[in-house]
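Okay, here's what each chain looks like letter by letter:
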Amino acid sequence: MHELNEEQRRAVEHGPGPLLIIAGAGTGKTRVITHRIAHLIREGVEPARILALTFTEKAAAEMEERVDTLVPYGFSNVFISTFHSFGDRVIRDNALAIGLPPDFKLLNESECIIFLKEHLFELPMDYYRPKGDPTRYLSALVRFMGRLKDEDVSPAEFLDHVEGLKKRGPEGADKAAFAETLREREELALTYSKYRELMEANGFLDHGDQITLALRLFRTRPNILERYREKFLYILTDEFQDTNYAQFELLKLLAGERKNITVVADDDQSIYKFRGAAVSNVLGFLKTFPECRPVTLKMNYRSIQPILDSAYRLITHNNPERLEVRSGIDKRLVSAVKPGKKKGREAGVSHMRFESLPQEAEFVADAISREVKSGEAVFRDYAVLVRARSDAVPFLSALDSKGIPYHFSGNSGLYSREEITLIISFLKAITDFSDNLSVFNLASSPVYGLNAKDLVPCNVVARRRCAPLYYVMKEAAEGRLKEAAVSEEGLEAIKRLVADMERFSERALKERAGRVLYAFLTESGYIGDLVKDRSEENDDRVRNIARFFENITRMEETLSINKTSALVEHLKLLIEAGENPGLAEPDPESDAVQVLTVHKAKGLEFPTVFMVGLVNERFPRRSRKELIELPEELIKELLPTGDVHLQEERRLFYVGMTRARERLMLTSAADYGGVRSKKPSPFVLEALDSPKAEVIKADSLKVIENLGAGPAEAKGERAPSENEVLHLNSYKIDDYLTCPLKYRFIHVLGIPLLPHHTIMYGKAVHDAISYYFRRRLEGETPPPLEEFLNVFRASWSSAGFLTKRHETERFDSGMEALKRFYAHSATIVPKAVEKDFTVTRQGYVFRGRWDLIVERPAGPCIVDFKTSEIRDQKKADKRTKTSTQLLLYSLAFKEAFGKEPALCELHFVESGLVGSAHFKEKDLDKAASIMEEVAEGVRRRDFTARPDYLNCGYCAYNNICTEKVKG
């Protein structure tokens, strides 16, 4: 508690009842909410009866980690989750109560679009299914139905709204316009109802369902609602300003009459209206809970006072809709940071005005390069914030010209990346030889490297003949092309391209796209080249490929797509509908400038922030209506008065400003193309005491000289700074001990791997056994055998099996093994099931989960289940005694409970054998040394390969690793 200021302490020590914590930017809101959890536990509240909700898995993990460090071991099983994960857990645990199959699958937005396309002509649509372009509105329909769920509007409620319109009639309005509106709304209501029916019939849910179905469950089954109210005595919600109407309704139901609900919010940072966030939730919390006495956190630990003052001047232009005015509180932030001054770097806020966009971009890159070269800063000290992804292009080019490493993150853009364009071109080309653009892109890519002097003549011949480029190249490869001369080097590349297209197109007829793509990435040498040539840019390319690979393998599995051609069609549909997923997250330990959209920068902070492109109509952007607008009569949140869009844009600008710790540089230019000169953003004028900018005249010669200037010194891979925490688990430790380069491939770059049948099989068996013991732990008798086996069936995945026969045999052996397990496991009495643990050391955290803890005559025993085919008792015991995982888990047990476990056991499900071992003090000392060794190696970024004949032979990265043992 000594870490907290007076306001924070008041919030933490608040007793029962509702609490609104108004936490401005940089005021330590996560610290307060985690300390409040710890305080409740200290006051005697059982950890398992505390529910903490937030919005991202990353935020939930951070909250869980902080709670782990604050409370004693064994007291950290607080239920910390995202809203959607919590809703998903509630629905899965009670699926039968609302008529859902327990093995339902969750579809993301892209998969919902594909699902609608597959059922397009089952939907009662006419206006929204134009005959010339039937799929035109699918993406808009998915977003529209998502907004309905945000507002807690059921299909029945929408249909009632339409019936009400029919009864009311035009009431003096234009009859023709009213009839058109009525027709459109009735079509949308019927489509919404049919969509829900089709989804449930196919066992699918979307993200909105995770909240609305949980609401339906609680409203229709009071006994289930009461069970959850009893389970969770205290509810805490972070980032409450990001909740939508339906989520607030869920919170109110859970809080019940106790009203033990704590929310942390800042209405000035509500920037997700496009996702359904309702700023009115913050404004209305005090109306819902009038007995609440809010606590306002005003001490800022991030930014210097001039930055805070400028941001405050800006945001007051949203008055009188702000909580500060509505509730008569003072939200002006006071800095706890002492301003410093470094050579040539004036802290505070400045506005730089340029004649042109290239000059503006050049200035930003030049400033960063110059300061890094002088040793005043490192690249990771800088962020360049843009309003939209497209605004970043000239700044990325300027950074490139200086050789400055950067990471570019936005809410979308994956399909636009060069490496993903290559992959999509490959998939299109092998499924359609006549797709000239894709074949051209593939031929000119780094994989085949055809240059213009060889590729252009072939393309000219193809155009002249009106023939596919592929067949012209095939003629060239066979020596039959007489119309164009191709160099010997080009001819070899063409031969390789044609052979690969034919080979992979044959595979595409028989195999899933994931397998075909993986073969292309590895056999072509593309991934291997990226990995071998270490750079920030190549690392980002690998991560983006991994993200794309994950997307398509998930799509294949969820939507049962078996053919590459079908996947390509789905991708085409998504791209045409405007779908473009976000880029992979960069390595947080790398030294690079962060180029981010302001939305993506939420929650981050940097010593120096450049907010760029600050001109009218770029920031704020013009309001863009959705293709299908939600009827105002169905909007349940209380909309603020005034210009709602402009207020949201102003809050977004405020968020961007408050990312800066020491220096905020606002830049704009007069010329962004077009005839008219651009005026500075009104937000710049609102934020600054003096709206005058330092005007920098263009010096064309200097711009040219700068373009040719030497690059700033790139640091490459760096060791994490002392205040950065490494996150380790048994898999990471085992991978590093096997080979540090393997660790880098998996845990730093995330190089994709094909699904493997042993993983799929092991997961399904583990899910069934976990379910069995969870039921036992809850005091119930073992679940019926058929219910137990149904969990195995629901968790089964066909991915990774060699043939259908191989899958069938493995499935049957799993069923038999589980039946034997069921028959002989009644005597095992669980004390804990899937219990998470954390071991905290200086500079790193080791996390894991005990599958099962049981009580034996000698004391507590850690039990882990394996699907390895061990048939010999000696081998079973040896495997247990040499298990690094069990050794580490024993150390964690001692840390948690003050003594080592009496026994550790590996249960081999296939054979029924049980291996056992007891780890003594010296063994646990060895475990601690192992963790220290790995942590130190990762911290030094020591990923030197350790070639070994056996390990290299079985390594999944054998085909791309240049350090492997030959032979």
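Use the structure listed above.
Attention here is on the structure that accompanies the text.

About the cut-offs
Residues numbered from 1 in each chain as written. Predicted model: local features only at pLDDT ≥ 70, side-chain atom pairs only at ≥ 80, totals over all residues. Heavy atoms only, no water. Helix = DSSP H or I, 4+ residues; strand = E, 2+ residues; numbered from the N terminus. Rg over C-alpha atoms; globule rule 2.2 N^0.38 Å. Buried < 20%, exposed > 50% of the residue type's maximum accessible area, 1.4 Å probe, protein only. Areas by Shrake-Rupley, 256 points an atom, 1.4 Å probe, with all protein chains shown as cover. Lys, Arg positive; Asp, Glu negative; His and termini not counted. Charge placed at Lys NZ, Arg CZ, Asp CG, Glu CD. Phe/Tyr/Trp six-rings, centres within 6.5 Å; stacked < 30°, edge-to-face > 60°. Salt bridge = Lys/Arg side-chain N within 4 Å of Asp/Glu carboxyl O. Polar contact = N/O pair within 3.5 Å; in protein donor to acceptor, adjacent residues only side chain to side chain. Contact = heavy atoms within 4.5 Å. Pairing = 2+ DSSP bridges. Axes fitted to C-alpha atoms, helices over the stretch in contact; angles between N-to-C directions. Expected span 1.5 Å × (residues − 1). Arc of directions from axis to C-beta.

### Examining the overall build of the protein
For the protein, the helix and strand inventory stands at 38 helices and 23 strands. Taken over the C-alpha trace, the protein has a radius of gyration of 30 Å; the compact-globule value for 967 residues is 30 Å, and the two agree within 12%. Each of the three principal axes of the protein carries a C-alpha extent, and together these read 85 × 85 × 70 Å. The buried share of the protein, taken over its 967 residues, is 54%. For the protein, the accessible area works out to roughly 42700 Å², and carbon and sulfur atoms hold 51% of it. Taking the average location of the 141 positive side-chain charges in the protein and that of its 146 negative ones, the two points are 1 Å from each other.

### Describing the packing of aromatic side chains
Scanning the entire structure with this criterion turns up 47 aromatic pairs. With centroids separated by 5.7 Å and ring planes inclined at 70°, the aromatic side chains of phenylalanine 79 and phenylalanine 232 adopt a geometry described as edge-to-face. A residue pair is termed long-range when its members are at least 10 positions apart, and phenylalanine 79 in strand β3 (residues 79-82) and phenylalanine 232 in the loop between α10 (222-231) and β6 (234-237) qualify at 153 residues. Classification of phenylalanine 232 by relative accessible area gives buried; the value is 3%.

### Digging into the pattern of salt bridges
A full pass over the atoms with the stated rule returns 78 salt bridges. With its nearest N and O atoms 2.6 Å apart, the salt bridge here joins arginine 322 to glutamate 324. Judged by its relative accessible area of 2%, arginine 322 falls in the buried class. The class for glutamate 324 is buried, based on a relative accessible area of 8%. Sharing partners across several salt bridges, the network here consists of Lys149, Arg196, Glu200, Asp206, Asp209 and Arg216.

### What about the side chain of histidine 161?
When you line up the elements, histidine 161 lands in helix α7 (residues 155-168). Judged by its relative accessible area of 12%, histidine 161 is buried. Here the side chain of histidine 161 touches arginine 185 through a polar contact of 3.1 Å, side chain to side chain. If near-sequence neighbours (up to four positions away) are discounted, histidine 161 is found in contact with Arg185, Pro631, Glu633 and Leu634.

### Here we look at the sheet that holds β6
Ordered in space as β3-β2-β6-β7-β1-β8, the six strands form an open sheet in which the pairing is parallel. Bordering the open sheet on either side are β3 and β8 (295-297), each of which pairs with just one other strand. Strand-to-strand, the axes of this sheet are offset by a mean angle of 15°, without reference to chain direction. Note that strand β1 (residues 19-23) and β8 share three bridges and pair parallel. Residue alanine 23 lies in a different strand from β8, and its bridge partner there is leucine 297. With respect to the sheet, helix α2 (residues 29-42) is in contact with β1, β2 (50-54), β6, β7 (261-265) and β8, its orientation differing from that of β6 by roughly 170°.

### With respect to helix α19 (residues 452-465)
The end-to-end C-alpha separation of α19 is 19 Å, in line with the 20 Å expected for 14 residues at 1.5 Å each. Residues of α19 that are buried: Asp454, Leu455, Cys458, Asn459, Val461 and Ala462. Angularly, the buried residues of α19 cover 160° about the axis, an arc narrow enough to put them on a single face. Among the exposed residues of α19, those oriented more than 90 degrees off its buried face are Ala452, Lys453, Arg463 and Arg464. Two residues or fewer after α19 comes cysteine 466, characterised by a positive phi angle close to 60°.

### Quick look at the environment of alanine 484
Tracing the backbone shows alanine 484 in the loop between α20 (469-477) and α21 (488-510). We classify alanine 484 as buried; its relative accessible area is 13%. Taking the C-alpha atoms as reference points, alanine 484 and valine 461, 23 residues apart in sequence, are found 7.5 Å from one another. Excluding its chain neighbours within four sequence positions, the residues that come into contact with alanine 484 are Pro457 and Val461.

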